[in-house]
Amino acid sequence: MDDANLAILSHLPIPLIRKIVSCIVMLKGNPAAQNDLIGGLCHHRFSRTAGEVAYINEAVTARDKAIQLTPPGHPYLPIRLVNLTRSLHARFEYTGDLQDIDRAILSMRQAIEATAPGDPNMVFRLSMLGNSFHNRFERKGELSDLNDSISLYRRALGLLPSDDTQMQMRAVLLNDLANSLYRRFHATSRRDDIKDAISFYRSAVAIHTQLNIEAHTFLNGLVSALHARFECSGDISDLEECVATLQRVISTSPGDPRLATWYGNLGNVLQTRSIVKNSIDDIGQAVCAMQKAIELTPDDHADVSMLLHNLSNALGVRFERTGDVQDLTQSIAAKRKAIARTPPGHSIFPSLLCDLGISLHHHHDATGFKDSIDEAIRLQTRAIQMSPTGHVELASRYRNLGISYISRFSRTKQSADLKDGISAHQKALELTPAGHTHLSAIWSALGNAYRERFHHEGNLKDIELAISLQRKAVEATPVGHKDLPDTLGGLGESIWSRFRHKGEMEDIQESIRLLQRGTGLATEGHVDLPRYLTVLGVAYQARYQRVEDLADIEEAISVFQQAVKITSNRSADLPKRYDNLGNAFHDRFKRSREISDVEEAIAAHQKAIELIPTGEEIHLPNPFSNLGNSYHSRYEISRSLEDLELSIAYKEKAISLTPDEHKSTPKLLNNLGNSLLIRFEDTGNFDDIDKAIPLKETARDRLPPGHVDTLYYVVNLGSAWQVRFKRTANPADIDKAIGILQEAIVLCPEVHASLPVLNYKLGNAFYSRFKLTGDEGDLKKAIANHRLAAISPYGPPITRFHAAEAWAILSHPIDPPESLEAFDLAIQLLSLVIGLEQTVQRRHNQLVKTGVSDFSLLAAATALSLGKYDKALEWLERGRCLVWNQINSLRSPVDDLKKHDERLAEQVLRVSKGLETAASRDMDREKDRPVGLTKITMEEKMTLQDESKGHVKLVKEWEELLKTVRAIPGFESFLRPTSCAELLRNLPKEGTVVVINVYEDWCDALALSAETEEPVHIRLPQFRHQEAERLRGRLRERLVAHGLLMRHEKSEAIDKDRGIRPATKGKGENALAEVLASLWTRVVKPILDALGFTPSNSSRRIWWCTTGPLVFLPIHAAGIYTRGDAQTIFDYAISSYIPTVSSLSQRKRRKTSQNEGLLMVSQPNAKNLPPIPGVKKEIALVRNILEEHGVRNSIIESAAATKKATVKHMKDFSCIHLACHASQNALRSSFHLHDGPLELGAIIQSDIDSADLAFLSACQTSVGDERLPEEVVHLAAGMMAAGYRSVVATMWSIGDKSAPEVAESFYRHMLVSEGSNGGIGGDRAAVALYEAVKELRMKSDLSENSLLKWVPYVHFGI
């Protein structure tokens, strides 16, 4: 009977088929043939229908009966055995009943045994048996089946003739063999298998090409194998070949019925490439390809379910990449459609249920929707129940179920979920044979579950078991495998958890290494990348808390920002991630004390709370408490009671949300205690301290033994008793504090940033008790603890500095040599307090906040009292002008190093330039930045954080470079602070440097010259700090009265002078003369007398280096200005100022410019500032003098005097004359030009190699910041930092009438002076200014108005 007749019969009902066949076959008298024919017809009908199981059952029954009726040796027996195998195969593929495939294999073995040697059908039958073994492997996962399959295919290939007669059969066998090798590769990861599979696929395709038969079927297998090899090796060329092959097949086969299959495969490959290349376009094309596959497939086709399933997966990947929950929702909908189209009895049905469960799990993680995780668990449980025993995917289904249980536990904290999750993972492990490719994923997931139980129950055995399993998982996961980020992340998270319990540094170091590697390998769309980044950030933060390496907190903030950025807005984890980000900013604030950091912390915590769904607050109390911590810290800066009350309110809210037995309760109680404590400190209300101490005691007692946080809670408790003692002076309180702090020190690891803090606190406590009792033993213990805190290599620099300060002060009366050691260390620590990792603006802010800038004056006064004059000088040099010194060190020449190692010198120059740029990175940005960093986008914040992190990395690189250079013989002192002897050697030979140190009741001068081997000490007993402050106050009163400190004022009272107006006559009329007289009699004249100076030689040079309030006083003009009895410094010497002694020696050594000439910048009408018309006259006068002497010059003025033009021209001239308005603000001090202020920072960054002389004919260019006298923060010192050797400046506003006269006289005297050679230069500036001012002085009377005109002119530098 032919196929057409079979097709007609197969559409009939089974009883009718039996009756017709019976009639046909009975004519032949052959019941075996009758049953075989019935089986064929029913099999054919089943293959054309979907789900009519009765037909395939009848086919198997009929064919079974046919074999029973066929005697052994019958020629049709092998054929009927083959037919039975086919029907058993078909039923197995539909029902998944393993008994069918077992019977099929047995039947096929019998068919082969019944086949005579040499029978041409043997090849086909061996191939068919190979197929059966392959199919059984797909269900049972037993490698022996796959090995048998491969052996049978190889045997069949061996039976084929060597000629071309059966080439098509060879191609089919090669394809089948390749399929089995491909599957064995998946099971074992044996790379030889995938290599051979690809080779055999290529051979099959080549045969069909040779026979002019389309090879598209084989190309599908080749694409799958290339795809698999890519996943193993990461070789993108395999993936690209897949895409190109499928696109070529599709484009060349319009109308081909297999187009849907090819589009589906193309979608799968593009999906993978989208992950690898992080390409939105690829995943979009993948979704489109899969939608096209569905569109091309008849609605009733069996493949529709799988195509819907694949589309769902692609939508899921796009969700992971974009965070668009709509994609995840569509993915779930597609999976539901696939399930609805699949009969429950179909073998793929459990897989579809399981996959839908996974998607619902992701939906829960993304949205926090509890119904999703509940349904996921139900579906995954049902899938397992429907899976036959021994199913190859059963272990994976148990693993996915376990993951879902653990996910639900993380929300509900129900122990039953934790128990069921671990049980499911254990079952998955039990079902997975040794060496299986999925074993590492199962170990990793089970480890995650044990880690969760450890967090819940605190049993250390669980975390050890988790780590053990996850180490095995990492070792078993090949490099390049897509699961490697997960196994690394899981292990890193578990080791981090053990650190939280045991506090061992080895754990946190390993955890960070693993998480760095894992997050580095994970693609951006990786579903767990935000979580791994979060754990990495927490680990960085914890390491920072242990050793206070700034790089760690910078990294923590960066990875937390990245985690927030890539987390879906609907993710239930987003509140926690914002909370973590806030904590990191809060930690950095504790070090930086920058208000912007605590503002960022508050904003992040507020965002976390805002994102918590209504009703879920009970599960997330920490953001409330952490927001309270940040308000607490802002209160420390703002002293706003509202901040403190908010702090307490949020912390109380957190406690109210938390069950008493919750693991977070101790932390929340301790946090509330901290805020009550600070309120007690400020108000003295004992109700607060009486609540705070019990809260802290409860927090400490609630922690399990050995918990890593015990140390912090004990420290806080000890501090609370210390605070109480300050109010009560009760010996019992300080005894309690000391006992608890001693307990804390026992608990503290040796390598811990808290150890110096503890020692410092304990030292303060012992000293408090000493003051109460007078027990010298307590004093010695106080000194010992302060010393330990100071010498610690860890901990906050400010704490270590204060400890060294206390050590120095307390030890001075009883052991002066020890106090010198302490002072020396404290001076060294100052450079860490004002670290290079901060911007210049922040360094100055830090100096103001910490109040450490005048410490060097105390240190120097102590050294002077002990006769250690060299130490006094060195400490003043190192402890003053900290920021300028840092800038100068970065700009130091490296000529000698370049001769020794040019590459190393270039590295030093590169990093120093990078640090200079980084130090001023926020200046331009801050001008346009909205109020508060919190208003800018996360991307902008991440950019700022990258800059901050890069700055810290540059500092670390700089420190390593210095170590490298200093290890070279002859470079041991490279960029180290200059010794006293070296300072003296490098002084100019023609004058004397006088350093004046004024601190409290001490005032001393040190006279330095190149001709002496040590400083000359001059005691100034008639002057002290209080007198200096009084004089500064008097001077300031008169300057205010004359309007000389009122910048940019547009009052009608101001005339055309640059800010000068007549003062109201009265009590302070002769105040300036009084100030100058006091400076003369108490300071200057005693120094001149000690040096043996006489009025006979006024050409001597003196460089004044003053400290404290003296910085603001005109010591260069000291004298008695009365008619007939004038005595002034002008009769004795020519005065100049220097910020530090080293600044003079640096200018002395600096080579003069080869690009001589003067640039004149004139801006008489700066925007929003009073006009200064005299600058036009000034510039004209100066130019006439220059032209008369043939001096190269250039003028830019008015609209042409822009910032860009000025900086550009400055590089072309060695000297500059600036006639304009100016303002003071550290590196943002500026000269006001046509298009706005030209800031000092921009000038410094410009690298003006030719810099020599700067004449600043502007107002108040040498007026420093009254809060930071030791930093000499003014434009004159800044221009020296920019490289100018000599600077003319003013101490207050100058007259617009007299300014041109002084300028013209200055250049005239410079050009006619001895050694001028017709040019101008900084080395003659002091003398020229002396003569110019002298002319103005001689034309003036001795009134205060006259003094105010010429006294402000000062000279800085060489």
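Structural notes, computed from the coordinates. (Residues numbered from 1 in each chain as written. Predicted model: local features only at pLDDT ≥ 70, side-chain atom pairs only at ≥ 80, totals over all residues. Heavy atoms only, no water.)

1. Concerning the overall build of the protein
Argument step 1. Counting its secondary structure elements, the protein contains 57 helices and 16 strands.
Argument step 2. Principal-axis analysis of the C-alpha atoms places the extent of the protein at approximately 160 × 80 × 60 Å.
Argument step 3. Taken over 1358 residues, the protein has a buried fraction of 58%.
Argument step 4. The contacts in the protein between residues at least 6 apart in sequence include a share of 68% that link residues at least 24 apart.
Argument step 5. For the protein, the exposed area adds up to about 55300 Å²; of that, 50% sits on carbon and sulfur atoms.
Argument step 6. One way to put it: in the protein the 162 positive side-chain charges average out to a point 2 Å from where the 170 negative ones average out. (Helix = DSSP H or I, 4+ residues; strand = E, 2+ residues; numbered from the N terminus. Buried < 20%, exposed > 50% of the residue type's maximum accessible area, 1.4 Å probe, protein only. Contact = heavy atoms within 4.5 Å. Areas by Shrake-Rupley, 256 points an atom, 1.4 Å probe, with all protein chains shown as cover. Lys, Arg positive; Asp, Glu negative; His and termini not counted. Charge placed at Lys NZ, Arg CZ, Asp CG, Glu CD.)

2. Description of the pairing of strand β9 (residues 1193–1197)
Argument step 1. Pairing of strand β8 (residues 1158–1162) with β9, which is carried by 5 bridges, proceeds in the parallel orientation. Looking at the pairing, S1162 lines up with E1197 of β9.
Argument step 2. Remark: the β8/helix α51 (residues 1174–1188)/β9 crossover connection has right-handed handedness. (Pairing = 2+ DSSP bridges. Right-handed = clockwise from strand over helix to strand, strands pointing away.)

3. Regarding the sheet that holds strand β12 (residues 1230–1233)
Argument step 1. Strand order across the open sheet formed by 3 strands is β11-β12-β13, with antiparallel pairing between neighbours. Sheet topology places β11 (1221–1223) and β13 (1236–1239) at the edges, where each strand pairs with a single neighbour. The average undirected angle you get between the axes of adjacent strands in this sheet is 35°.
Argument step 2. Helix α52 (residues 1203–1210) rests against β12 and β13 of the sheet, and its axis sits at about 30° to β13. (Axes fitted to C-alpha atoms, helices over the stretch in contact; angles between N-to-C directions.)

4. A few points about the environment of L484
Argument step 1. With respect to the secondary-structure elements, L484 resides in helix α23 (residues 484–502).
Argument step 2. Owing to a relative accessible area of 2%, L484 belongs among the buried residues under this scheme.
Argument step 3. On a C-alpha basis, the gap between L484 and E1013 in space is 68 Å, while along the polypeptide they are 529 residues apart.

5. Section: the packing of helix α29 (residues 622–638) against helix α31 (residues 665–683)
Argument step 1. Put simply, α29 and α31 touch, their axes get as near as 10 Å, and they point 25° apart. The orientation of α29 relative to α31 falls into the category roughly parallel. Regarding α29 and α31, the two cross each other, and that crossing is left-handed. On α31, the residues that touch N622, S625, N629, H632, Y635 and E636 of α29 are K667, L668, N671, N674, S675, I678 and D682.
Argument step 2. Tallied by class, the residues present in the contact of α29 with α31 amount to 3 nonpolar, 7 polar and 3 charged. (Parallel < 35°, antiparallel > 145°, perpendicular 65-115°, else oblique. Left-handed = near helix turned anticlockwise from the far one by under 90°. Nonpolar A, V, L, I, M, F, W, Y, C, P; charged D, E, K, R; others polar.)

6. Quick word on unusual backbone geometry
Glycine aside, a negative phi is what most residues show, and trans is what most peptide bonds show.
Argument step 1. Of note, K413 is a non-glycine position whose phi angle comes to about 60°, a positive value.
Argument step 2. Topologically, K413 is positioned in the loop between α19 (394–412) and α20 (415–431).
Argument step 3. Although it is not a glycine, E1000 adopts a positive phi angle of roughly 50°.
Argument step 4. One can find E1000 in the loop between β1 (991–999) and β2 (1002–1008).
Argument step 5. Overall, E1000 belongs to the partly exposed group, its relative accessible area being 48%.

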